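# Secondary and tertiary structure notes
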Number of protein chains: 2
Amino acid sequence: MTAARKRAPSARSLETRKRILDAAEKVFSRHGFDGASLREIATLADVPVGLVHHHGGSKEALFAETVRRHAGLLAEIRMRDLKALKEKGPLTLEAIMDCFFRAYQKLVNEEGDQWLDYGRLVAHVSADARWRDLAAECFDPTTQHFMEAILSLYPKATSELAATGQIFSVAAMLAFFNANWRLETLSPGASPPDMNHLVRFSAAGMKALLQAKPA
Amino acid sequence: MTAARKRAPSARSLETRKRILDAAEKVFSRHGFDGASLREIATLADVPVGLVHHHGGSKEALFAETVRRHAGLLAEIRMRDLKALKEKGPLTLEAIMDCFFRAYQKLVNEEGDQWLDYGRLVAHVSADARWRDLAAECFDPTTQHFMEAILSLYPKATSELAATGQIFSVAAMLAFFNANWRLETLSPGASPPDMNHLVRFSAAGMKALLQAKPA
DNA sequence: GTCTATAATGAGATAGAC
DNA sequence: GTCTATCTCATTATAGAC
C-alpha cells in the first residue's frame, strides 16, 4: 500500500472544493482551457487563488478533474437508457441516437443549466487532440457501446463508417450547445435550437453513411 | 480624404508579410487564438517579434487578417461553382452540399495543404462566439446563398430549419478537418476520412430536417 | 521597413503563517 | 484546510536605433 490514506476531508473542505469545481466548469466551458485563467475561476468561486491549486493541483489537472467529475453520471444515464431501449426492443437507429443525445437534456431538466456548461466543456475536450487520452477515458467506452448497438442494425456496415458518423454526430451536438449566436445571425429571430432537430439530422446522416452501397 | 495614402510596399515587405501571415495561419489553426503566441508565430516566420506587430498590429487584428486573407478566394470558388451548378441544372441537395464542402478539397489539391490549416482556422472562428462579427463578415454571405439554393428545393421548409442544418453541417465539416485523432481511437487503423462521407452525411441530415412534416 | 531592447502586464505556481 | 504574499516566467506591446 502506498503510504497512509488521507483522512476524510471536512464538510467545509468538500464544499469549497465543489465551489471551485463548479466555477472551473463554468469558466473552462466558456473560454476553453487556454482562454481560462485560474484567477477568474478563483474569483467566481470566491476563494483565494492559492486554494485553487490546493484542491485542483495544476491547471491541467483541474481541467481533467472538472471533466471527469460529471462524466460518470452522463455515461451511467446513457448506458441505462440504452439498456432499457434494448430490452424494450426492437431497436431503431433514431431511438439509439436519441438516447445518446437526450441524456444532456434530461440532466438539464432534472439538475439545472450547469449541464449546458458541461456540454460545452465536453465540446472543448472533443475538439482538441491535446485531450485525446482524457476523451478516451471519459467518453469512448460509452461511445463504443452505442456504436456497437448501431452496427448491430447494419451488419454490413464497417466500424470505420460508424465511427465517422459518430464523430460527425458529436460535432453537430457540440454545435447544438454552442450555436445560439450563429443561428441568430443566419436566421434572425429563430427560436433556440430544438434537440429533436439534432436527433433527426444525425440519425439521417448516420443512416446515409451505413446504408451506402460499397463502390 | 483621410490623410495621405501609404506608398506601395516593397517586394521585400510583401514577402515578409506573407511569411508572417502564413505562420500565423499555421499557429492559430493548431492552437486556437488563446493558445497561440506571437512569439511562436515570429519564430516560425523567422522574423523578430516586433515585425509581427508592425505587420499585423495587435494579436486580435492579426488573427482577423489571417482569417480574412483567404476568405475571399474560398467564397469566390464556392459562388462560382454554385452558379455553374445552377446553370447546368437541375439542382439537387447533394450537389449543393458537395459544392459547399468540395471547395476546400479543390484548394488543397491545387494549392497545397495550407488549406487544411485554413479549414481548421475557420473551425475556430465558427466555434467561438467571440468571432461573431468576423464570421458574419467572411462567411455568412456565401452561406446565405447556399441556404437560399437549398430552400428553393424545399419551398415548404423554414429558413430556420435550413440554418440549423447548415450549422450542423459546418460543425461536421470542422470535425472532418480535425478528427483524424479521434477516428484513430474510435476505430483503430481506419483510413483518413473521406470527403464523400461528409457530403453524404450532411446532405441526408439536411434533407431529414427540411422534409419533416410540421407537427 | 527592419530589428533590438525593454516596458508592462498577467499568468501559473509555491512557501509559509494561521 | 485556509489564506496571504511572493516568485518566476511568458506574454503582448512599444520605443527607438539602424
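Residues numbered from 1 in each chain as written. Chains lettered and ligands numbered in written order. Predicted model: local features only at pLDDT ≥ 70, side-chain atom pairs only at ≥ 80, totals over all residues. Heavy atoms only, no water.

### Quick look at the environment of Ala136 of chain B
- Relative to the helices and strands, Ala136 of chain B resides in helix H7 (residues 132-138).
- The sequence separation of Ala136 of chain B and Val47 of chain B amounts to 89 residues, and the corresponding C-alpha distance is 32 Å. (Helix = DSSP H or I, 4+ residues; strand = E, 2+ residues; numbered from the N terminus.)

### Observations concerning the protein's contact with DNA strand D
- Taken together, the neighbourhood of DNA strand D is formed by 16 residues, with His55 of chain A together with Leu38, Arg39, His53 and Lys59 of chain B sitting nearest.
- For DNA strand D, the fraction of protein-proximal atoms (within 4 Å) that sit in sugar or phosphate groups is 70%.
- One of the side-chain nitrogen or oxygen atoms of Thr16 of chain A is found 3.1 Å away from a phosphate oxygen of DNA strand D.
- Between DNA strand D and His54 of chain A there is a distance of 3.2 Å, counted from a phosphate oxygen to a side-chain nitrogen or oxygen.
- Sorting the residues of the surface near DNA strand D by element identifies helix H1 (11-35) and helix H3 (49-56) of chain A together with helix H2 (38-45) and helix H3 (49-56) of chain B as the ones contributing at least two each.
- Taken together, the residues of the surface near DNA strand D sort by class into five nonpolar, eight polar and three charged. (Near = heavy atom within 4 Å. Polar contact = N/O pair within 3.5 Å; in protein donor to acceptor, adjacent residues only side chain to side chain. Nonpolar A, V, L, I, M, F, W, Y, C, P; charged D, E, K, R; others polar.)

### With respect to the packing of aromatic side chains
- What the rule picks out here adds up to 23 aromatic pairs over all chains.
- With a centroid separation of 4.9 Å and an interplanar angle of 70°, the aromatic rings of Tyr104 of chain B and Phe177 of chain B are classed as edge-to-face. Of this pair, Tyr104 of chain B sits in helix H5 (residues 93-111) while Phe177 of chain B sits in helix H9 (residues 159-178); the two residues are 73 residues apart in sequence, bridging distant segments of the chain. Note on accessibility: Tyr104 of chain B and Phe177 of chain B belong to one class, buried.
- With centroids separated by 5.4 Å and ring planes inclined at 70°, the aromatic side chains of Trp115 of chain B and Tyr118 of chain B adopt a geometry described as edge-to-face. With Trp115 of chain B and Tyr118 of chain B both in helix H6 (residues 114-127) and three residues apart, the pair spans about one turn of that helix. Considered together, Trp115 of chain B and Tyr118 of chain B belong to a single accessibility category, that of buried residues.
- Ring pairs connect the aromatic residues Phe28, Phe33, Phe63 and Trp131 of chain A, which therefore count as one cluster.
- For the cation-ring pair, Lys59 of chain A lies above Phe33 of chain A, with the distance from its terminal atom to the ring centre recorded as 4.7 Å. (Phe/Tyr/Trp six-rings, centres within 6.5 Å; stacked < 30°, edge-to-face > 60°. Buried < 20%, exposed > 50% of the residue type's maximum accessible area, 1.4 Å probe, protein only. Lys NZ or Arg CZ within 6 Å of the ring centre and 35° of its normal.)

### A closer look at the domain arrangement of chain A
All names here are of chain A.
- With domains assigned, chain A is organised as domain 1 (11-57) and domain 2 (70-210).
- The C-alpha centroid of domain 2 is placed 27 Å from the C-alpha centroid of domain 1.
- Residue-level contacts link eight residues of domain 1 with nine residues of domain 2.
- A buried area of about 750 Å², summed over both sides, lies between domain 1 and domain 2, and 51% of it is on carbon and sulfur atoms.
- Contact with domain 2 buries surface across domain 1, with Glu25, Ser29 and Phe33 losing the most and accounting together for 66% of the total.
- Along the contact surface separating domain 1 from domain 2 lie three salt bridges.
- The salt bridge partner of Arg30 is Asp117, with a shortest N-O separation of 2.7 Å.
- Taken together, the connections running from domain 1 to domain 2 amount to three residue pairs in polar contact (both at pLDDT 80 or more).
- Partitioning the side of domain 1 that touches domain 2 into residue classes produces two nonpolar, two polar and four charged. (Domains from an automatic or database assignment. Contact = heavy atoms within 4.5 Å. Buried area = accessible area lost by both parts, 1.4 Å probe. Salt bridge = Lys/Arg side-chain N within 4 Å of Asp/Glu carboxyl O.)

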